[in-house]
Amino acid sequence: MSERKLLSLEDMFGGPIKEKPIDKEAITELEICNLVPFKNHPFKLYTGERLDNMVESVKENGVIQPIVVRVLDEGKYEILAGHNRVNASRLAGLTKIKADIRENISDDEAVLLVTVSNFEQRSSSDMLPSELAKSLKMQLEAAKVTGKKQELINALKPPSTQHDDWVSRDLYQVETRGNNGQKVADNNKMSRANIHRYIRLNELISGLLERVDDNEIAFIPAVNLSYLSKNEQVIIEDVISINGFKIDMAKAERMRDLSAQGKLTGDKIYSILTGEDTKKPKKPTGIKLKSKLVTRFFTSDQKQAEIEKIIEDALTYYFQMNGGKENE
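Residues numbered from 1 in each chain as written. Predicted model: local features only at pLDDT ≥ 70, side-chain atom pairs only at ≥ 80, totals over all residues. Heavy atoms only, no water.

1. Side note on the packing of aromatic side chains
Tallied over the entire structure, the rule returns 3 aromatic pairs. Centre to centre, the rings of Tyr318 and Phe319 are 5.4 Å apart; their planes meet at 80°, and the pair counts as edge-to-face. By relative accessible area, which is 47% here, Tyr318 ends up partly exposed. Look at Phe319 and you get partly exposed, because its relative accessible area is 31%. A cation over an aromatic ring shows up here: Arg50 above the ring of Tyr46, its NZ or CZ 4.2 Å from the ring centre. Between Arg200 and the ring centre of Tyr227, over which it is positioned, the NZ or CZ distance is 3.9 Å. (Phe/Tyr/Trp six-rings, centres within 6.5 Å; stacked < 30°, edge-to-face > 60°. Buried < 20%, exposed > 50% of the residue type's maximum accessible area, 1.4 Å probe, protein only. Lys NZ or Arg CZ within 6 Å of the ring centre and 35° of its normal.)

Set out below in structure tokens:
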């Protein structure tokens, strides 16, 4: 089993990060009803025991670390960091929450803050494939951002917080170009190929992506399916929903190959998913004639081709006389 290493924000963004204290004057209490989630938030909210524990913690201790928001119109604020804290506070019965308000934050800066805060506070191994796919795509874009945006990272970094590294799967090479992919790969201790496999999952329709999250479709077959057209994916999702078929590596590769050739029809998809397309036709069982039978009808000086022709003619005559059917 691959060894996991704790990864800090310094590791993720390549280089030391200088602490920048939060401006206490920027911290204020906001009405929870005036908060809206980040419009492109790639992460699902906590559920089950993890959510229950956070709600209990908020009830006992309040929200210790302020959330981060940016100003919107009409008195609303968009959450950049702290979606789970807001949800837990709402469930705990709170109506207000401490917030660090950021003004003049561009969409690119907002994306960077959302990505960094989640990778800093959550283990990537806890993320669903769809969450990791979306967040890595965002991080790839964030790798192009420098200067002022690095200061935003510094300001957001909570002290002594680390998370586990994601163990990459050394399967299925995908060619990549450019240094940004390599930077994200280095940040997350994942191969460039593996980074781009996850990013490919963003090309799946929602129904198939949910099946990946639910472990109904394995990771590598899902990557193959991501190369299919949206219409082809819709047909696959419909067939699976109705019939409950499973998709393995062989089926996914077969559909990807046919799609690339423009030959993946609805009937072909159904045939592949049923397994009929991949079944090899049974070969006829070989027959060995007893030597006594051979010497009864043939002489030793007759050649094999002559013997085979006589047997073929005899069998043809037999089936014609008895109304049987020959194989083509």
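From this point, the narrative continues.
2. Comments concerning helix α12 (residues 249–260)
Helix length check: α12 (12 residues) gives 17 Å between terminal C-alpha atoms against 16 Å at 1.5 Å per residue, within 8%. Those residues of α12 not exposed but buried are Lys251, Ala252, Met255, Leu258 and Ser259. The buried residues of α12 all sit within an arc of 135° when viewed along its axis, so they share a single face. The backbone nitrogen of Ala250 has a side-chain oxygen 3.3 Å away, supplied by the residue at the start of α12, namely Asp248. Positive phi shows up at Gly262, right after α12, with a value of about 75°. (Helix = DSSP H or I, 4+ residues; strand = E, 2+ residues; numbered from the N terminus. Expected span 1.5 Å × (residues − 1). Arc of directions from axis to C-beta. Polar contact = N/O pair within 3.5 Å; in protein donor to acceptor, adjacent residues only side chain to side chain.)

3. As for the sheet that holds strand β2 (residues 27–31)
Read across the open sheet, the 5 strands follow the order β2-β6-β4-β5-β3; overall the sheet is mixed. Of all strands in the sheet, those bounded by a partner on one side alone are β2 and β3 (35–36). In this structure, strand β4 (residues 67–71) lies alongside strand β5 (residues 77–81), joined through 4 bridges in antiparallel fashion. Of the residues in β5, the one forming a bridge with Val68 is Ala81. The strands that helix α3 (residues 83–91) touches are β3, β4, β5 and β6 (96–102); relative to β5, the one it contacts most, it runs at about 115°. (Pairing = 2+ DSSP bridges. Contact = heavy atoms within 4.5 Å. Axes fitted to C-alpha atoms, helices over the stretch in contact; angles between N-to-C directions.)

4. Overview of the environment of Arg90
Checked against the element boundaries, Arg90 lands in helix α3. Judged by its relative accessible area of 44%, Arg90 is partly exposed.

5. A few points about a nonpolar patch on the surface
Judged by side-chain polarity, Ile287, Leu289, Leu293 and Phe297 come together as a nonpolar surface patch covering roughly 450 Å² of accessible area. Within the secondary structure, Phe297 sits in helix α14 (residues 291–297). (Patch = residues over 30% accessible without salt bridge, like charges linked within 9 Å, V, L, I, M, F, W, Y side chains within 5 Å. Areas by Shrake-Rupley, 256 points an atom, 1.4 Å probe, with all protein chains shown as cover. Salt bridge = Lys/Arg side-chain N within 4 Å of Asp/Glu carboxyl O.)

6. Quick word on the packing of helix α11 (residues 230–243) against helix α13 (residues 266–274)
At a minimum axis distance of 10 Å, the contact between α11 and α13 shows a crossing angle of 45°. The angle between α11 and α13 places the two elements in the oblique class. Regarding α11 and α13, the two cross each other, and that crossing is right-handed. Only Gly266, Ile269, Tyr270 and Leu273 of α13 make contact with α11, whose side of the interface consists of Glu232, Ile235, Ile236, Val239, Ile240 and Asn243. Along the lines of polarity and charge, the residues of the contact of α11 with α13 split into 7 nonpolar, 2 polar and 1 charged. (Parallel < 35°, antiparallel > 145°, perpendicular 65-115°, else oblique. Left-handed = near helix turned anticlockwise from the far one by under 90°. Nonpolar A, V, L, I, M, F, W, Y, C, P; charged D, E, K, R; others polar.)

7. Quick look at the environment of Val116
Mapped onto the elements, Val116 comes out in helix α4 (residues 107–121). A sequence separation of 22 residues divides Val116 from Met138, and the C-alpha atoms of the two residues are 9.8 Å apart.

8. Side note on the pattern of salt bridges
Inspection of every chain in the model, using the stated rule, returns 11 salt bridges. Across the salt bridge formed by Lys44 and Asp213, the nearest N and O atoms sit 3.5 Å from each other. Remark: Asp213 occurs in helix α9 (residues 206–213) and Lys44 occurs in the loop between β3 and α2 (48–61); sequence separation between them is 169 residues. Measuring nitrogen to oxygen at the nearest pair gives 2.9 Å for the salt bridge that ties Arg102 to Asp100. Connected through shared salt-bridge partners, Lys39, Arg70, Glu78 and Asp107 make up one network.

9. Comments concerning the pairing of β6
Among the 7 residues that make up β6, 5 are buried, leaving the element largely enclosed by the rest of the structure. Relative to β6, β2 runs antiparallel, the two being bridged by 5 bridges. The residue bridging Leu30 from the neighbouring strand is Ile97, located in β6.

10. Digging into the nonpolar core
One broad trend across soluble globular proteins is that nonpolar side chains are buried collectively. Among the nonpolar cores identified, the biggest contains 33 residues, and Leu201, Leu204, Leu225, Ile236, Ile247, Met255 and Leu273 are the most heavily contacted of them. Among the secondary structure elements, those contributing two or more residues to this core are α5 (129–142), α8 (192–200), α9, α10 (219–225), α11, α12 and α13. The element that contributes the greatest number of residues to this core is α10, accounting for 5 residues. Leu225 has contacts with Leu204, Ile217, Gln233, Ile236, Ile247, Ala252 and Met255, leaving out every residue within four places of it along the chain. The next biggest cluster of nonpolar side chains, apart from the first, holds 18 residues, and it includes Leu35, Tyr46, Val58 and Tyr77. (Core = buried A, V, L, I, M, F, W, Y, C linked by side-chain atoms within 4.5 Å.)

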